[in-house]
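The chain contents come next:
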Amino acid sequence: RSFAMFMRGLASVPEESRPQLLGVVVNMFQKQSGPSLEAFHAFCEQADHYRLFETTIPRSEVFAAASLAGQPLRFAAGEAPSSVAWRFDMLAEEVCTRFEVVPAAKPAPRSFLV
């Protein structure tokens with residue numbers, strides 16, 4: 001439903017100033033939920049498949065825990081990064097690959113000894 005509403009809103013923007021849709025990420029996905037699966041399948045049938053990223057972001061309590069703790073998602077689960085944070089890493093790699101984005105080179109470390 002959200003995607004259909006988003007596409008209607010995007011279509012309402014005059015064509016000359018309409019932003020280009022580069023891709024769609026399915027998020028808050030619950031594979032054990034019938035309605036979530038049904039919505040996902042319906043989306044896949046309607047969407048241009050080249051726009052759909054392979055990485056899906058599941059619904060997780062880690063989002064609420066990170067927000068409550070005021071921490072980035074990566075550190076919300078304590079020492080080890082959560083599996084949800086790992087999915088964002090996968091998505092970032094997929095975006096960079098799809099759009100041929102090359103990460104900026106890290107600056108050489110500066111010595112503290114002079």
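This part takes up the nonpolar core. Formed by L10, L21, V24, V26, F29, F43, C44 and L52, the largest nonpolar core amounts to eight residues. Residue assignment for this core shows that the elements contributing at least two residues are β1 (24-29) and α2 (34-46). With three residues, the top contributor of residues to this core is β1. When near neighbours in sequence (up to four residues on either side) are disregarded, F29 contacts S36, L37, F40, I57, P58 and R59. Within the second largest apolar cluster, six residues are counted, among which are I57, A66, L73 and A85.

The next point concerns the side chain of R51. Mapped onto the secondary structure, R51 falls in the loop between α2 and β2 (52-58). You can call R51 buried: its relative accessible area is 18%. Excluding its chain neighbours within four sequence positions, the residues that come into contact with R51 are M7, L21, G23, V24 and R98.

Here the focus is unusual backbone geometry. The phi torsion at M28 lies on the positive side, around 60°, for a residue other than glycine. Structurally, M28 is set in strand β1.

A few words on the packing of aromatic side chains. All told, the structure shown has two aromatic pairs when counted by the stated rule. Considering the side-chain rings of F29 and F40, the 5.2 Å spacing of their centres and the 55° angle between planes classify their relative orientation as tilted. Residue F29 is located in strand β1, and its partner F40 is located in helix α2; the two are separated by eleven residues in the primary sequence. Its relative accessible area of 23% is what places F40 among the partly exposed residues. Centre to centre, the rings of F53 and F99 are 6.3 Å apart; their planes meet at 65°, and the pair counts as edge-to-face. Within this pair, whereas F53 is found in strand β2, its partner F99 is found in the segment after α4 (83-98), the two being separated by 46 residues in sequence.

What follows covers the environment of Q20. In this fold, Q20 is placed in the loop between α1 (2-11) and β1. Owing to a relative accessible area of 67%, Q20 belongs among the exposed residues under this scheme. Along the backbone, Q20 and L10 are ten residues apart, and their C-alpha atoms lie at a distance of 9.1 Å.

Checked against the element boundaries, T56 lands in strand β2. Residues within four places of T56 in sequence aside, it is in contact with V26, F40 and R87.

One rule of thumb: low pLDDT means the predicted coordinates there are not for detailed reading. Of the residues in the protein, 78% reach a pLDDT of 70 or more, and the chain-wide mean stands at 79. Confidence, expressed as mean pLDDT per element, reaches its minimum in the protein at helix α3 (residues 62-69) with 79 and its maximum at β2 with 86.

Scoring rules and cut-offs
Residues numbered from 1 in each chain as written. Predicted model: local features only at pLDDT ≥ 70, side-chain atom pairs only at ≥ 80, totals over all residues. Heavy atoms only, no water. Core = buried A, V, L, I, M, F, W, Y, C linked by side-chain atoms within 4.5 Å. Buried < 20%, exposed > 50% of the residue type's maximum accessible area, 1.4 Å probe, protein only. Helix = DSSP H or I, 4+ residues; strand = E, 2+ residues; numbered from the N terminus. Contact = heavy atoms within 4.5 Å. Phe/Tyr/Trp six-rings, centres within 6.5 Å; stacked < 30°, edge-to-face > 60°. pLDDT = per-residue confidence, 0-100.

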